[in-house]
Amino acid sequence: MREDDGVVWVAPDDPEQESAGPDRRAEEHLLTNVDPGLRSGWHPVALVTELPATVRLLGETYEVTASAERVDVRPLDGAAPAAAVAERFGVVLVAPEPPRAPLLEVPEEDDPQYAHGWLVPERSASPAGVLAENFLDVAHFPFVHDGTFGAAEQTYVEPFEVTRTDDGLTSVQEQWFDNPGDPGVAAGVRPLRQRRRATYTYRWPFQLSLRLEELDAGAVKTILFLLQPEAADSTRIYTKMLLHGIGGVAVPPAEVVADEVAFEVAVLAEDLVLQRAMTVRGLPLRLRDELHVRSDRSGVALRRVLAAFAGVGS
């Protein structure tokens, strides 16, 4: 400890020891895309419409094929056989080892009142854990998404609660937003500024959804976000939209779905620009390795779930 120009400086560790090499203790608790603990989780590997396909998962390679009766996953290049295979949401999911948590439940998926729309899968060099945290983070909206919806968002994040479960979390936030697409606004029966409920759901390891309910207009938009940790430096991103009541129509027509998908493509592109500027190898799981604020509650809960499965203390 020393004082310099009226400021007290503290070094928890001896700065003179830096010559021995960088401190790697925090890196011991980074969750990377090839962490062995992820082998017992469900992971997306391909859209059903992409089959047959050769895919990468946790650094291993598989060939995925489909027949009228079943989906087959065959290991290649010495990979171990998959313990479980499922088809959900129009996606093939694989657990290399017996899964320790169930698949995410999205009731809208089987509701005939919802139209479905897929984004073309994207890739990022960021780890899946970092991308999952970004999806749950509400504080970055005004800054990262100023080209799409962020300009209408307040920089102050209202207090919200996060409910953690053994294998995931849920957070519910009440928000105000501008809704120019609501026919009731044009008709003069509802104001432009309306209420919205945002419900985030996360299921270990990398299955997420966001349900946006327009409380005044009655429309619902659910965004399904699934992450495939392909290799240490590659994550494939699957995004599906489930839409009800958009534009005042119970089941939105194809042109409305296309517009909503295009808008979400632009939102995701803004996130990927941010991710390309980052160089982290994994998501830190020990809370003391980072500084968190109140608006990081969902990110903190995410880390605690991931750390519990990885056996890492906070």
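Located above this text is the structure these notes cover.
Numbers given to residues run from 1 along each chain, matching the order in which its sequence is written. Residues qualify for local features only when their pLDDT is at least 70, as the model is predicted, and side-chain atom pairs are given and counted only at 80 or more; totals for whole chains, interfaces and linings, by contrast, use all residues. Excluding hydrogens and water, the side-chain figures rest on all heavy atoms present in the structure.

*Asks:* What is the right way to look at the packing of aromatic side chains in this model?
*Replies:* Centre-to-centre distance and the angle between the planes together describe a pair of aromatic rings. Aromatic rings from Phe, Tyr and Trp, with only the six-membered ring used for Trp, were paired whenever their centres fell within 6.5 Å, and each pair was classed as stacked if the ring planes differed by under 30 degrees, edge-to-face if by over 60, and tilted otherwise. Inspection of the entire model under this criterion finds 3 aromatic pairs. Ring geometry for Phe135 against Phe225: centres 4.7 Å apart, planes inclined by 10°, an arrangement best described as stacked. Placement of the pair is Phe135 in helix H1 (residues 128–136) and Phe225 in strand S16 (residues 220–231), with a sequence separation of 90 residues. Of the two residues, Phe135 and Phe225, neither departs from the other in class, the shared state being buried. With 4.0 Å between their ring centres and 5° between their planes, Trp204 and Phe309 make a pair best called stacked. Of this pair, Trp204 sits in the loop between strand S14 (193–203) and strand S15 (207–214) while Phe309 is found in helix H5 (residues 297–310), placing the two residues 105 residues apart along the sequence. The residues Trp204 and Phe309 share a single accessibility class, namely buried. Within the aromatic cluster, the residues linked to one another by ring pairs are Phe135, Tyr200 and Phe225. Above the plane of the ring of Phe89 lies Arg88, whose end atom (NZ or CZ) is 5.8 Å from the centre. Helix and strand labels come from DSSP, where a helix needs a run of H or I of at least four residues and a strand needs a run of E of at least two; each type is numbered from the N terminus. A 1.4 Å probe rolled over the protein chains alone gives each residue an accessible area, and that area as a share of the maximum for its type sets the label: buried under 20%, exposed over 50%, partly exposed in between. Here, a charge over a ring is recorded when the distance from Lys NZ or Arg CZ to the ring centre is within 6 Å and its angle to the ring normal is within 35 degrees.

*Asks:* What is the right way to look at the packing of H1 against helix H4 (residues 254–276) in this model?
*Replies:* Two elements in contact, H1 and H4, have axes whose closest approach is 12 Å; the angle formed by their N-to-C orientations is 135°. What the angle tells us is that H1 and H4 run oblique. Seen along the crossing, H1 lies across H4 with a hand that is right-handed. For the pair formed by H1 and H4, the contact residues are Val130, Leu131 and Asn134 on the first element and Asp271, Leu274 and Gln275 on the second. Of the residues belonging to the contact of H1 with H4, the class tally is 3 nonpolar, 2 polar and 1 charged. Axis definition: a line fitted to C-alpha atoms, over the contacting stretch in the case of helices. Angles run 0 to 180 degrees between N-to-C directions. When describing relative orientation, an angle under 35 degrees is termed roughly parallel and one over 145 degrees roughly antiparallel, while 65 to 115 degrees is termed roughly perpendicular and anything else oblique. Put simply, a crossing is left-handed when the front helix is turned counterclockwise from the back one by less than a right angle, and right-handed when it is turned clockwise. Throughout, a residue-residue contact means that at least one pair of heavy atoms, one from each residue, lies within 4.5 Å. Note that Gly is not counted as nonpolar here; it falls among the polar residues with everything else outside the nonpolar set of Ala, Val, Leu, Ile, Met, Phe, Trp, Tyr, Cys and Pro and the charged set of Asp, Glu, Lys and Arg.

*Asks:* How should the side chain of Glu260 be read in this particular structure?
*Replies:* Along the chain, Glu260 falls in helix H4. The class of Glu260 is buried, set by a relative accessible area of 15%. We call two N or O atoms a polar contact when they sit within 3.5 Å, provided that within protein one can donate a hydrogen and the other can accept it, with sequence-adjacent residues counted only if both atoms are side-chain atoms. Among the polar contacts listed, one links the side chain of Glu260 to the side chain of Lys221, at a separation of 2.8 Å.

*Asks:* What is the right way to look at the pattern of salt bridges in this model?
*Replies:* When the charged atoms of two side chains lie near each other, side chains of opposite charge can form a pair. Note on definitions: salt bridges are taken to be side-chain nitrogens of Lys or Arg within 4 Å of carboxyl oxygens of Asp or Glu. One pass over the structure, following the stated rule, counts 18 salt bridges. The salt bridge partner of Asp178 is Arg193, with a shortest N-O separation of 3.0 Å. One end of the pair, Asp178, is in strand S13 (residues 168–178); the other, Arg193, is in strand S14, with 15 residues separating them in the sequence. Overall, the relative accessible area of 34% leaves Asp178 in the partly exposed class. By relative accessible area, which is 29% here, Arg193 ends up partly exposed. Three or more residues are tied together by salt bridges with common partners; here these are Glu108, Glu174, Arg197, Arg211 and Glu213.

*Asks:* I keep staring at unusual backbone geometry and nothing clicks. Help me out?
*Replies:* For residues besides glycine, phi is generally negative; the peptide bonds are generally trans as well. Backbone torsion omega between Leu51 and Pro52 reads 0°, so that peptide bond is classified as cis. Looking at the secondary structure, you find Pro52 in the loop between strand S4 (43–47) and strand S5 (53–57). Note the cis peptide between Trp204 and Pro205, where omega equals 0°. With respect to the helices and strands, Pro205 occurs in the loop between S14 and S15. A positive phi angle, near 55°, is found at Leu58, a position not held by glycine. Among the structural elements, Leu58 can be located in the loop between S5 and strand S6 (60–66). Accessibility expressed as a relative area gives 9% for Leu58, which makes it buried. Even without being a glycine, Phe89 presents a positive backbone phi close to 65°.

*Asks:* In this structure, what is going on with the packing of H1 against H5? I would like to understand it.
*Replies:* Two packed helices can be described by the angle between their axes and the distance between those axes. The interhelical angle for the contact between H1 and H5, taken along N-to-C directions, is 145°, at an axis separation of 8 Å. Note on packing geometry: the crossing formed by H1 with H5 is right-handed. Where H1 approaches H5, its residues Gly129, Ala132, Glu133 and Leu136 are matched on the opposing element by Ser298, Gly299, Leu302 and Arg303. Class assignment of the residues belonging to the contact of H1 with H5 gives a composition of 3 nonpolar, 3 polar and 2 charged.

*Asks:* Even after reading the chapter, I still don't get the sheet that holds S6, so can you show me in this structure?
*Replies:* Adjacent strands of a sheet pair through backbone hydrogen bonds, lying either parallel or antiparallel. A pair of strands is labelled paired if DSSP reports no fewer than 2 bridges between them. Spatially, the 3 strands line up as an open sheet ordered S5-S6-S7, and their pairing is antiparallel. Of all the strands in the sheet, just S5 and strand S7 (71–76) have a single pairing partner and so form its edges. Between one strand axis and the next, the sheet turns through 30° on average, direction left out of account. By the bridge criterion, 5 bridges tie S5 to S6 in an arrangement that is antiparallel. In the strand pairing of S6, Arg56 is matched with Thr61.

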